[in-house]
Amino acid sequence: EAGVTQSPTHLIKTRGQQATLRCSPISGHTSVYWYQQALGLGLQFLLWYDEGEERNRGNFPPRFSGRQFPNYSSELNVNALELEDSALYLCASSRTGTHNEQFFGPGTRLTVL
Amino acid sequence: AQSVSQHNHHVILSEAASLELGCNYSYGGTVNLFWYVQYPGQHLQLLLKYFSGDPLVKGIKGFEAEFIKSKFSFNLRKPSVQWSDTAEYFCAVTSFAGTYKYIFGTGTRLKVLA
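Remember, it's a predicted structure, so these values are computed and weren't measured experimentally.

## Observations concerning the overall build of chain B
Line of reasoning, step 1. In terms of regular secondary structure, chain B is built from zero helices and 12 strands.
Line of reasoning, step 2. Counted from the first residue to the last, chain B has its helices and strands arranged as β-β-β-β-β-β-β-β-β-β-β-β.
Line of reasoning, step 3. Here the C-alpha radius of gyration of chain B, 14 Å, is about what a compact globule of 114 residues would show, namely 13 Å.
Line of reasoning, step 4. A principal-axis box enclosing the C-alpha atoms of chain B has dimensions of 45 × 25 × 20 Å.
Line of reasoning, step 5. A buried classification covers 46% of the 114 residues belonging to chain B.
Line of reasoning, step 6. Considering only contacts within chain B whose residues lie at least 6 apart along the sequence, 55% involve residues at least 24 apart.
Line of reasoning, step 7. For chain B, the exposed area adds up to about 5,600 Å²; of that, 54% sits on carbon and sulfur atoms.
Line of reasoning, step 8. Looking at charge distribution, chain B has the averaged site of its 10 positive side-chain charges lying 6 Å from that of its 7 negative ones.

As structure tokens, this is what we get:
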């Protein structure tokens, strides 16, 4: 069974640009979650998609957005990049129902210069 | 606001020492509790989980955790650590308050000395 995949592995942008990160869930999983892992801050919940709908979002500004496609893959968009957006962005997937175990991808390392 | 606290940010132990990592959460309703582990160079993976029933939960690799509702705690334990347990450990809580939230603690870095 293929795991959660994310692309790209690394992304370097400059302040003010936009970044797009992609995630493919495990087959059969309909929920996708996005987290930001900044140094010393643990995992901060960003967004949760299930069955194509945004179900919940964390305490992040609106320039963090995303969507889920009919095949349940997802993308995270970060507009107007700021230096503090530099972090590891993790995607996880699970079967419907957030009490289920989440399976994590390897992450995308975003560096904003 | 709901939160998860892991008070030990860095722990260093010698092999065969006993381990206990603290996790406290703030939410009075029904919760589901998880411990995840991230070994060096690997993805986050589930160590163990508690939904209901026996508050003492056993996970992979000899780890266990005890849910103490009165203390809002879900501490992780292992009687005898190995060098291969060197990793970062995250406690996580899901709760329902209008919609589901999945909250992680800030993590504890464990280093086991051979």
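Structure shown, so let's carry the discussion forward.
## Observations concerning the interface of chain B and chain A
Line of reasoning, step 1. Across the contact, 18 residues belong to chain B and 19 residues belong to chain A.
Line of reasoning, step 2. Overall, the association of chain B and chain A removes approximately 1,600 Å² of surface from exposure, summing both partners, and the carbon and sulfur fraction of that is 56%.
Line of reasoning, step 3. Counting every contact that joins chain B to chain A gives zero salt bridges.
Line of reasoning, step 4. Of all elements in the fold, only β5 (31–38), β6 (44–50), β10 (87–96) and β11 (100–104) of chain B reach the threshold of two or more residues within the side of chain B that touches chain A.
Line of reasoning, step 5. Its residues assigned to classes, the side of chain B that touches chain A shows nine nonpolar, seven polar and two charged.

## A short note on the state of the cysteines
Any covalent bond linking the sulfur atoms of two cysteines counts as a disulfide.
Line of reasoning, step 1. With the rule as written, the count across this model stands at two disulfides over all chains.
Line of reasoning, step 2. The disulfide that involves Cys 23 of chain A links it to Cys 91 of chain A, with 1.8 Å between the sulfurs. In this structure the cystine formed by Cys 23 of chain A and Cys 91 of chain A twists about its S-S bond by roughly -60°; its chirality is therefore left-handed. You can see Cys 23 of chain A sitting in strand β3 (residues 19–24) and its partner Cys 91 of chain A sitting in strand β9 (residues 87–94), a full 68 residues away along the chain.
Line of reasoning, step 3. The side chain of Cys 23 of chain B participates in a disulfide bridge whose partner is Cys 91 of chain B; the two sulfur atoms lie 1.9 Å from each other. Looking down the S-S bond of the Cys 23 of chain B and Cys 91 of chain B bridge, the torsion is -65°, so its handedness is left-handed. On the criterion of sequence distance, the pair formed by Cys 23 of chain B in the loop between β3 (19–21) and β4 (24–26) and Cys 91 of chain B in strand β10 is long-range, its members being 68 residues apart. Neither residue differs from the other here; Cys 23 of chain B and Cys 91 of chain B are each classed as buried.

Each value, and the rule that gives it
Residues numbered from 1 in each chain as written. Chains lettered and ligands numbered in written order. Predicted model: local features only at pLDDT ≥ 70, side-chain atom pairs only at ≥ 80, totals over all residues. Heavy atoms only, no water. Helix = DSSP H or I, 4+ residues; strand = E, 2+ residues; numbered from the N terminus. Rg over C-alpha atoms; globule rule 2.2 N^0.38 Å. Buried < 20%, exposed > 50% of the residue type's maximum accessible area, 1.4 Å probe, protein only. Contact = heavy atoms within 4.5 Å. Areas by Shrake-Rupley, 256 points an atom, 1.4 Å probe, with all protein chains shown as cover. Lys, Arg positive; Asp, Glu negative; His and termini not counted. Charge placed at Lys NZ, Arg CZ, Asp CG, Glu CD. Buried area = accessible area lost by both parts, 1.4 Å probe. Salt bridge = Lys/Arg side-chain N within 4 Å of Asp/Glu carboxyl O. Nonpolar A, V, L, I, M, F, W, Y, C, P; charged D, E, K, R; others polar. Disulfide = S-S within 2.5 Å.

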